[in-house]
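# Summary of the model geometry
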Amino acid sequence: MSDPGTGLEKTLNGIEATRILHREMPHVGVIFCTMFKDDDFVFAGLKAGGRGYVLKDDDPDTMLRAIRAVGHGESLLSPAIAEKVMRQFSALPGKQTPLVDDLSPREMEVLELIAGGRSNKEIAVALSLSEKTVKNHINNIFSKLHVCDRSQAMLYAIRQGLVKV
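Residues numbered from 1 in each chain as written. Predicted model: local features only at pLDDT ≥ 70, side-chain atom pairs only at ≥ 80, totals over all residues. Heavy atoms only, no water.

## Brief notes about the sheet that holds strand E2 (residues 52-55)
Heads up, the condition is: Note: two strands are recorded as paired if DSSP finds a minimum of 2 bridges between them. By definition, any uninterrupted DSSP run of H or I lasting at least four residues is a helix, any uninterrupted run of E lasting at least two residues is a strand, and each is numbered from the N terminus. In what follows, residue pairs with any heavy atoms lying within 4.5 Å of each other are defined as contacts. Only the stretch in contact is used when fitting a helix axis, every axis being a line fitted to C-alpha atoms; angles between N-to-C directions are given from 0 to 180 degrees.
What the three strands build is an open sheet, ordered E1-E2-E3; its pairing is parallel. Across the chains shown, the open sheet's two edge strands, defined by having one partner strand only, are strand E1 (31-34) and strand E3 (76-77). Here E2 pairs with E3 via two bridges, running parallel. The partner of Gly52 across the bridge, within E3, is Leu76. The strands touched by helix H3 (residues 60-71) are E1, E2 and E3; relative to E2, the strand with the most contacts, the crossing angle is about 170 degrees.

Right, here's the structure in full:
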């Protein structure tokens, strides 16, 4: 990208590039694959529209799962990053809402597994359900919590104290 006033090229960092991609092409899923795990970078990347966040030293299976999840419109965070996100939001003061009453016991189980970074397939195996049933539960959770994706559901649940960290 050129700076029109100087003719010099400006480089974009991953967060700025993600912001632009998310604004211009919201259907494109961005996965951060980095060594940066400080809070500022993690939360800025997710806020910019990142759908996945894995660390370069994660096992290859985690990276592959992130690619597949984001390719299917889901989100996936490295276990270390998911734990960081969960700790951060559980520390925020939040007022409890009665939304927990809106979720069925099975939806709460699914939400807890989502918050743990589990894929639909892993949730299905853990709860002895079909993946289609898991997707139905997830759609119900999204609707009841008024969120659009897994990351938002996870963050909302943590903020509201709906899942244990």
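## Considerations on helix H8 (residues 131-145)
Just so we agree on the cut-off: By this rule the span expected of a helix is its residue count minus one, scaled by 1.5 Å. Partly exposed describes any residue whose relative accessible area lies between the buried limit of under 20% and the exposed limit of over 50%, with all areas from a 1.4 Å probe on protein chains only and scaled to the type maximum. Along the arc lie the directions from the helix axis toward the C-beta atoms.
For H8, with 15 residues, the first-to-last C-alpha span of 21 Å sits near the 21 Å given by 1.5 Å per residue. Along H8, the positions that sit buried rather than exposed are Val134, His137, Ile138, Ile141, Phe142 and Leu145. The buried residues of H8 occupy one face: seen down the axis, they fall within an arc of 140 degrees. Just downstream of H8 lies His146, where phi reads positive at about 60 degrees.

## Considering the pattern of salt bridges
Here is the rule: One speaks of a salt bridge when a side-chain nitrogen belonging to Lys or Arg is within 4 Å of a carboxyl oxygen belonging to Asp or Glu.
A full pass over the atoms with the stated rule returns five salt bridges. A salt bridge links Lys84 to Asp39; the nearest nitrogen and oxygen atoms lie 3.1 Å apart. One end of the pair, Lys84, is in helix H4 (residues 79-90); the other, Asp39, is in helix H2 (residues 39-47), with 45 residues separating them in the sequence. Judged by its relative accessible area of 19%, Lys84 falls in the buried class. In this structure, Glu122 and Arg65 form a salt bridge, with 3.3 Å as the shortest nitrogen-oxygen distance.

## Considerations on the packing of aromatic side chains
Defined as follows: Each Phe, Tyr or Trp ring (for Trp, its six-membered ring) is paired with any other whose centre lies within 6.5 Å, and the angle between the two planes then decides the class: stacked below 30 degrees, edge-to-face above 60, tilted in between.
Overall, the coordinates contain four aromatic pairs when judged by the stated rule. Ring centres of Phe32 and Phe41 lie 6.0 Å apart, and the angle between their planes is 85 degrees; this geometry places the pair in the edge-to-face category. A residue is classified by how much of its surface remains accessible, and Phe32, at 6% relative accessible area, is buried. An angle of 40 degrees between the planes, with centres 5.0 Å apart, marks the rings of Phe36 and Phe41 as tilted. One aromatic cluster in this structure is built from Phe32, Phe36, Phe41 and Tyr53.

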